[in-house]
Amino acid sequence: MSDLEPQRSGGRVALVDLTGAKDMTAELRKLQDRWGPVAPVDLEPGVPGWLVLGHAEVMEVMRTESVFARNPRHWNERLPLDSTLHAILSPAGRRALYYADGADHRRLRLPVDEAFAGIDEAQTAAMVRGVCSRLIDSFAAQGHADLIGGYAAAVSFLSVSGMFGFDERQGIALLRCAHGIFGHGGDSVTALATMDQIVLDHVLATREDPGNNLTARFVEHPSFEDDTEIVHSMVVAICAANEMLVTWIAATLRRMLTDPRYTGRVTGVRRGLDDAMDETLWSEPPVANLPARYAVTDCTLGRVRIQAGDAIVMGLAAANNDPRVRTTDDLFEANNRSHLSFGVGPHACPARRPGRLVVKIAVESLMERLDLRLTDPEVTWAPSPWSRYPAVLPVAFTPERQSARTPARV
């Protein structure tokens, strides 16, 4: 028996407390110092799981779906009805690639890979620039703004939903649903059901009038067995992409506004936007804690005995800062691409290029147009067990004259 076995009886830190800590890196190091590369945590109060902190151990979990499965039917936990985790960790009857393994996962993954690979990047860039411009128009004359609620959250979701052919009204409705699904407030189960219906209506409309968008490619793909699989796969893709993008945008903006190596012009002499985006992937990964895998059988991970049915969360923020892969050598780190922010193995992110495109345009559009100044350096983190980004990012800037263009309503 492992010397860590007694940890099952208590002493677990809550994931949301880790992501909300003033210094998350320091708190993760404390966990590693105490438990090693795998630590006991509460996914929410009273719901136990394991947080994998080591880089090698996270890689093992991601690559070994025969032992660490995505399908929640392997989980031995029964969540209370009011749990905020239902929509993400234990959704009833979800038929999407995120919750599938093996051959079924490969079948459901193929249309997603092909759809994102076939994106017209010039068309997508033009759409994202339009979204950014309209959002900036909505606050440019005020001289102040919150870059999270007023920009990062909206631009990420409107960009992602735009790739799927949703209009901005539909995109804003989907954004409200996503807030509930990811535990930012509200009933996650109801939010997921509402999102399903919005997406289904869009799938049916697209079948009648196809366009040049991701939904049309999903509808046309022979790998999907029915509209339920299309809807569930779209919901996963939209939610996962948005949660990653809003965090990546927010963290990059904060870095550009506070780090002396980046403050000033986007194309600064020492470091530029691409450097800031890459460093953010390392130091502040868009998904700090990636849910979830479930042990198919009893096994050992890092010195810890894992029992069949246990839930395992991949701590990307901890793994990226594992001293076994990080150094203090700036020249080496400039070319170090071993971070796990996009994942590895069969469930790795299928949308790295369009994701990077959205983030770069979103940050560039702001920094080139407005002379932003952060007005409050104190950070309160958004309440989420999975992502870590500021709840607000207040800035001031020289007001623009009122634009004649109609601002977006967000």
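A quick note: this is a predicted structure, and the numbers were derived from the prediction, not measured.

1. Focus on the sheet that holds strand β3 (residues 47–52)
Next up, step 1: Taken in spatial order, the six strands of this open sheet run β1-β2-β3-β9-β6-β4, and their pairing is mixed. A strand with exactly one partner marks an edge of an open sheet, and here the two such strands are β1 (13–14) and β4 (68–69).
Next up, step 2: With respect to the sheet, helix α2 (residues 24–35) is in contact with β1, β2 (38–44) and β3, its orientation differing from that of β2 by roughly 130 degrees.

2. A word on the confidence of the model for the protein chain
Low-confidence regions, as indicated by low pLDDT, have predicted coordinates that should not be scrutinised in detail.
Next up, step 1: Overall, the predicted model of the protein chain reaches an average pLDDT of 88, with 90% of residues at or above 70.
Next up, step 2: For the stretch residues 265–270, pLDDT sits under 50, and the model shows six contacts to residues farther than four places along the chain or on other chains.
Next up, step 3: Between residues 403–410, whose pLDDT stays under 50, and residues either more than four places distant or in other chains, the model counts 16 contacts.

3. Structural notes on the environment of A126
Next up, step 1: Checked against the element boundaries, A126 lands in helix α6 (residues 121–137).
Next up, step 2: The partly exposed category is assigned to A126, whose relative accessible area is 47%.
Next up, step 3: Sequence separation between A126 and I361 is 235 residues, and the spatial gap between their C-alpha atoms is 9.6 Å.

4. A few points about the pattern of salt bridges
Next up, step 1: Counting across every chain of the model gives 24 salt bridges.
Next up, step 2: Here D227 makes a salt bridge to R207, at a shortest N to O gap of 2.7 Å. One end of the pair, D227, is in helix α11 (residues 227–258); the other, R207, is in helix α9 (residues 188–208), and 20 residues separate them in sequence.
Next up, step 3: The exposure class of R207 is partly exposed, given its relative accessible area of 37%.
Next up, step 4: Here D371 and R373 are joined by a salt bridge, their closest N and O atoms 3.7 Å apart.
Next up, step 5: A relative accessible area of 38% means that D371 is categorised as partly exposed.
Next up, step 6: Shared partners join several salt bridges into a network, and the residues in it are R95, D104, R107, E225, D226 and E229.

5. Looking at helix α15 (residues 352–369)
Next up, step 1: The end-to-end C-alpha distance of α15 is 26 Å, a good match for the 26 Å that 18 residues give at a rise of 1.5 Å each.
Next up, step 2: Of the positions making up α15, those classed as buried are P354, G355, V358, V359, I361, A362, V363, L366 and M367.
Next up, step 3: Elements in contact with the buried residues of α15: α5 (102–117), α6, α7 (148–163), α11 and α12 (273–283).

6. Thoughts on the state of the cysteines
Next up, step 1: Under the definition given, this model contains zero disulfides.
Next up, step 2: Counting only cysteine sulfurs, C239 is the nearest neighbor of C177, a cysteine outside any disulfide, at a range of 8.4 Å.
Next up, step 3: Looking at C177, the relative accessible area reads 7%, which means it is buried.

7. Examining the packing of α6 against α15
Next up, step 1: Relative orientation of the contacting elements α6 and α15 amounts to 35 degrees, with a least axis distance of 9 Å. Handedness of the crossing formed by α6 with α15: right-handed. Two secondary-structure elements touch here, α6 through E121, T124, A125, V128, R129, C132, S133, I136 and D137 and α15 through R353, L357, V358, I361, A362, S365, L366 and R369.
Next up, step 2: Tallied by class, residues from the contact of α6 with α15 come to nine nonpolar, three polar and five charged.

8. A short note on the packing of α12 against α15
Describing two packed helices takes the angle between their axes plus the distance from one axis to the other.
Next up, step 1: The interhelical angle for the contact between α12 and α15, taken along N-to-C directions, is 125 degrees, at an axis separation of 11 Å. Taken together, α12 and α15 sit at an angle that is classed as oblique. Taken as a pair, α12 and α15 cross one another with a handedness that is right-handed. Between α12 and α15, the residues in contact are L273, D274, M277, D278 and L281 and R356, V359, K360, V363 and E364, respectively.
Next up, step 2: Looking at side-chain class alone, the contact of α12 with α15 contains five nonpolar, no polar and five charged residues.

9. Describing the nonpolar core
Soluble globular proteins: nonpolar side chains tend toward being buried together.
Next up, step 1: Judged by nonpolar contacts, the single largest core of 134 residues is most densely connected at L43, L147, Y151, F164 and M195.
Next up, step 2: If one sorts the elements of this core by residue count, α11 sits on top with 17 residues.
Next up, step 3: Residues within four places of M195 in sequence aside, it is in contact with F157, L174, C177, I181, V235, I238 and C239.

10. A word on the sheet that holds strand β5 (residues 144–146)
Next up, step 1: Taken together, three strands build an open sheet; the order of strands is β5-β11-β10 and the sheet is antiparallel. The open sheet has two edge strands, β5 and β10 (373–374), and neither has a second partner.
Next up, step 2: Bridge analysis of β10 against strand β11 (residues 394–396) gives two bridges, and the strand direction is antiparallel. Residue pairing across strands places R373 opposite A396, the latter belonging to β11.

11. Some thoughts on the packing of aromatic side chains
Next up, step 1: Evaluated as defined, the whole model comprises eight aromatic pairs.
Next up, step 2: Where W248 meets F342, the ring centres are 5.9 Å apart and the plane angle is 70 degrees; that geometry is what we call edge-to-face. Remark: F342 occurs in the loop between α14 (330–333) and α15 and W248 occurs in helix α11; sequence separation between them is 94 residues. With respect to class, W248 is no different from F342; both count as buried.
Next up, step 3: Note that R70 overlies the ring of Y98, its terminal NZ or CZ placed 3.8 Å from the centroid.
Next up, step 4: A cation over an aromatic ring shows up here: R388 above the ring of W381, its NZ or CZ 3.8 Å from the ring centre.

Reading guide: rules and limits
- Residues numbered from 1 in each chain as written.
- Predicted model: local features only at pLDDT ≥ 70, side-chain atom pairs only at ≥ 80, totals over all residues.
- Heavy atoms only, no water.
- Pairing = 2+ DSSP bridges.
- Helix = DSSP H or I, 4+ residues; strand = E, 2+ residues; numbered from the N terminus.
- Contact = heavy atoms within 4.5 Å.
- Axes fitted to C-alpha atoms, helices over the stretch in contact; angles between N-to-C directions.
- pLDDT = per-residue confidence, 0-100.
- Buried < 20%, exposed > 50% of the residue type's maximum accessible area, 1.4 Å probe, protein only.
- Salt bridge = Lys/Arg side-chain N within 4 Å of Asp/Glu carboxyl O.
- Expected span 1.5 Å × (residues − 1).
- Disulfide = S-S within 2.5 Å.
- Left-handed = near helix turned anticlockwise from the far one by under 90°.
- Nonpolar A, V, L, I, M, F, W, Y, C, P; charged D, E, K, R; others polar.
- Parallel < 35°, antiparallel > 145°, perpendicular 65-115°, else oblique.
- Core = buried A, V, L, I, M, F, W, Y, C linked by side-chain atoms within 4.5 Å.
- Phe/Tyr/Trp six-rings, centres within 6.5 Å; stacked < 30°, edge-to-face > 60°.
- Lys NZ or Arg CZ within 6 Å of the ring centre and 35° of its normal.

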